[in-house]
Each structure stands twice: as C-alpha cells, then as structure tokens.
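Fold and geometry: a report
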Amino acid sequence: MLIALGGLEQSCQSDARTSTRIPPVIKKGRAQWQNDALLSLTDLINRGIDSDVNYFKRARIYFEREQYSEALDDINESIYEQDNVSEYFLLRGKINRELGKIDNALEDAQRAEALQQSSPELYVLLADILQAKNRFGEAAGYLNQALKMAPYDGSAYYVKGMLQARQGDSLASLSSLNYAMNVNPRLLRAYEQGTMINLKLKNTAEALAINERALKRFPERASLFFGRGEILNALAQPDTALIFYQKAVAIQPDYDEALNQLATIAMQLRAYPQAIPALKTLLKKKPQSKEINNMLGYAYEKSGELDVAKTYYETALTIAPGDQDARYGMYRIRKIESEGLYPSYYPEENTNPGYKLLDTARVKINIIQPRGTTNIRVDSSRKAKIE
C-alpha cells in the first residue's frame, strides 16, 4: 500500500513539473492587457454601467497608446456625464496639449486646479502650457512646485529644458532634455526639441542620433521625418532631404513647414513636377500669396505648360500689379511664343528664310581687274624716289 502511495506521489510530482494537470500561468504583455481592458470597458459602457468612470478609464488607455482623437472623444463623454471631477479635466488637458490645442489645454488645467487638484502631474502640465504661451514667470512657478513633489519626473525636466532654451542656455537645455528622454521615452516633444537645438548648435551628428532614436520609437510621426529632412539639408544632401520631406507630407498632408521645404528644395533641384503638388496645397491655404503664385507659374513654365504658367503669373499681377517676378515670367513666355513669327536675319537660322540665291547662269558677272601701277618721276628737289 505504501509503495502504491509512493508511486502516486511521484506521478503527481511529474505532472506538476510538466504542467499537464494544472494549466501554466501565462503572463500578458502590456499591449495584450490593454486590448483585453478595452474590450471589457467597451462592454461595460454598452451596458450603461458606470459610464463616466469607464469612459475615463478607456480614455486613459487610448492616451497611453497615443490615440489622442479616440481619447478625446471618451473623456468628453465622461465630462458630459460628470462635470465636477478634477481628474477628468486633467486628462483632457493633457490630451489637448498633445493635439496642440494650447488654449483648450490651459482652460482644462485651470479647471482641474479649481477643483482642488494639486498633483505634480497637473503642475507639470500647467508649466508646459504656460511656457508654450511665453508666460515664463508663471511656468517657472508651477515647475518649481512640481519638482518639489516629484524631483525625478521626466516631463518636468522637459519643461525645465524648454525654459532653459528660452533663456539662451542651450547646453543646460540639452542636458535636461536628454534626462527627460531617458526617463520618459514616450515624450515625443523632447526628441523634437533636442534635435532642433542640436541643429542650431550645428551638432548634426547628435541631432541625427536623437532623430534615429525617435523614429524607432515613433515610426509614423511626420515631425520626425521633417526633422530628418532638416538634418540632411544641413549636411548638404538636398536629394535625400527631399525624400524625407515627402514622407512627412504623405503622413500629414497639411504640414505647412514640410510643404514649404518640399517645394523649395524641389525648385532648387529643378524637380518641378515634384514641387507643383506641394505648392498647390499651400495655395489653397494662402490663395492671395503672390510668392506661391509666382513659384507655381515658374514651375509650370519650366515644365513646358506655358498656358497654365500664364494664369498663375496673371494672378500674381492681379494681387500685386507691379510684381517684377510675375512681369519677367510673362515676358519670358511671350518671347517664347513669338519665336518663329518673324524671319531671322541669318538664313541658316530659319527653315524658310525667304531669300533667293543668285543664278550665275543667267547673270553676267564681270571680273574686277587689278589696278595698274604708276611710276612717278624722281623729285629732285627732295631727293626722294617715289614708286
């Protein structure tokens, strides 16, 4: 009997070791956990259970996944149902900051503060918004409060770096931004600002390294492709820079800075067909710009589409009647169009010169005879001989 029990014990141990009886615990990755949480929260929202709280929870997940439009929709639902919860306004302020809606973000952050919110997260947000609005004194006050409460917060060091850059201390700014990137790798603006400051200091190698790190973390960000284009342009590689400007525009078609650089570099490289779509997009935003009309006119002129080019030059002249670029453009086109209307002075330059060759068979030509020689007597008085 003991032998049988011993055999059973060994069998159970074997099963435990090989996990055949008890299913092993499977650890979920963060992405899988977020997917499962989104499904669960969506189900609870559809069933009407604690809607404002569950919208808030789902908005936080969307925010962490950088799906800011979806996050904004959900947090708006939370605030619509409960408009006196400070955490809701704090989250909406952070979302609006990421979307570039600075005024809306400030309004939300101030509302969160009025509802007795006093977290370092809020103070960092307020400092960040205020420095973006050039209100540096107020920004520094909130930043100091945040650093007292959370002295190692990456976002706080990003704001610190921005304030240092505004004060002209580029080296201290880069140190703060590098710390922010290392502590909080999700802080996109830290990468962008670090790249820009290094470019201004002509540290192109460091700017390129930061940009590469950022693109690995954010492979679909138009601003990072634009930054790579700026670095390559600074390295005198306009052909390659043009490719990255095009990638930035492909991701974000209304990206003004990328459109401007794309058009400018393409014109410099005489790649006029590549410049035209970018210029047309810019013209839709600024139809009264004589510069853009002139650039489009020149691009079409060099592409051989003279009639189209004339329409843009004429528009530029309508906007600014004395504009020299448009007048010269029209002059060049008229000069091209007038070629061939008048015969050339040189027959070989005209396929139909209108001149007749001389027929020597019908015309008698007298050969000119050389003149004779005259001997003049010696002038005895001057004793000179003249021949």
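The rules behind these values
- Residues numbered from 1 in each chain as written.
- Predicted model: local features only at pLDDT ≥ 70, side-chain atom pairs only at ≥ 80, totals over all residues.
- Heavy atoms only, no water.
- Helix = DSSP H or I, 4+ residues; strand = E, 2+ residues; numbered from the N terminus.
- Buried < 20%, exposed > 50% of the residue type's maximum accessible area, 1.4 Å probe, protein only.
- Contact = heavy atoms within 4.5 Å.
- Areas by Shrake-Rupley, 256 points an atom, 1.4 Å probe, with all protein chains shown as cover.
- UniProt positions renumbered as here; feature names shortened; annotations may be inferred.
- Phe/Tyr/Trp six-rings, centres within 6.5 Å; stacked < 30°, edge-to-face > 60°.
- Lys NZ or Arg CZ within 6 Å of the ring centre and 35° of its normal.
- Axes fitted to C-alpha atoms, helices over the stretch in contact; angles between N-to-C directions.
- Parallel < 35°, antiparallel > 145°, perpendicular 65-115°, else oblique.
- Left-handed = near helix turned anticlockwise from the far one by under 90°.
- Expected span 1.5 Å × (residues − 1).

1. Considering the overall build of the protein chain
Looking only at helices and strands, the protein chain has 19 helices and zero strands in total. Per-residue burial over the protein chain gives 37% buried out of 387 residues. Considering only intrachain contacts with a sequence separation of at least 6, the fraction spanning at least 24 residues in the protein chain is 46%. Only carbon and sulfur atoms are counted for the fraction: they give 51% of the accessible area of the protein chain, which is about 24,600 Å².

2. A few points about the UniProt feature "repeat: TPR" (unreviewed entry) in the protein chain
The feature "repeat: TPR" (unreviewed entry), as given by UniProt, occupies residues 120–153, 222–255 and 290–323 in the numbering adopted here. Helix and strand shares over residues 120–153 are 79% and 0% respectively, and the end C-alpha atoms of the span are 9 Å apart. For residues 290–323, the end-to-end C-alpha separation is 8 Å, with 79% helix and 0% strand making up the annotated structure.

3. Topic: the packing of aromatic side chains
For the structure on display, the rule yields ten aromatic pairs. Between Phe226 and Tyr255, the ring centres sit 5.4 Å apart and the planes meet at 40°, which makes this aromatic pair tilted. Here the residue Phe226 occupies a position in helix 13 (residues 222–234), and Tyr255 occupies one in the loop between helix 14 (238–251) and helix 15 (256–268), the gap between them amounting to 29 residues. Exposure class is identical for Phe226 and Tyr255. Each is buried. Measuring from centroid to centroid gives 6.0 Å for Tyr272 and Tyr298, while their planes differ by 75°, and the two rings are edge-to-face. Separated by 26 residues along the polypeptide, Tyr272 in helix 16 (residues 272–285) and Tyr298 in helix 17 (residues 290–302) bring together distant segments of the chain. Since its relative accessible area comes to 10%, Tyr272 is described here as buried. Through a chain of ring-to-ring contacts, three or more aromatic side chains come together here, namely Phe226, Tyr245 and Tyr255. The lysine or arginine in question, Arg217, covers the ring of Phe218, its NZ or CZ lying 4.8 Å from the ring centre.

4. What about the packing of helix 3 (residues 51–64) against helix 4 (residues 68–81)?
Helix 4 packs onto helix 3 with a crossing angle of 160° between their chain directions and a minimal axis gap of 8 Å. As summarised for this structure, helix 3 and helix 4 are arranged roughly antiparallel, according to the angle between their axes. Where helix 3 crosses over helix 4, the handedness of that crossing is left-handed. Contacts from Ser51, Asp52, Tyr55, Phe56, Arg58, Ala59, Tyr62 and Phe63 in helix 3 reach Tyr68, Glu70, Ala71, Asp74, Ile75, Glu77, Ser78 and Glu81 in helix 4.

5. A few points about helix 3
Count 3.6 residues to each turn of an α-helix, and residues three or four apart come out pointing the same way. An ideal rise of 1.5 Å per residue puts 20 Å on 14 residues; helix 3 measures up with 20 Å between its terminal C-alpha atoms. Where helix 3 is concerned, the buried positions are Ser51, Asp52, Asn54, Tyr55, Phe56, Arg58, Ala59, Ile61, Tyr62 and Phe63. Close packing links the buried residues of helix 3 with helix 2 (30–46), helix 4 and helix 5 (86–98). Directly after helix 3, the chain includes Glu66, whose backbone phi takes a positive value near 65°.

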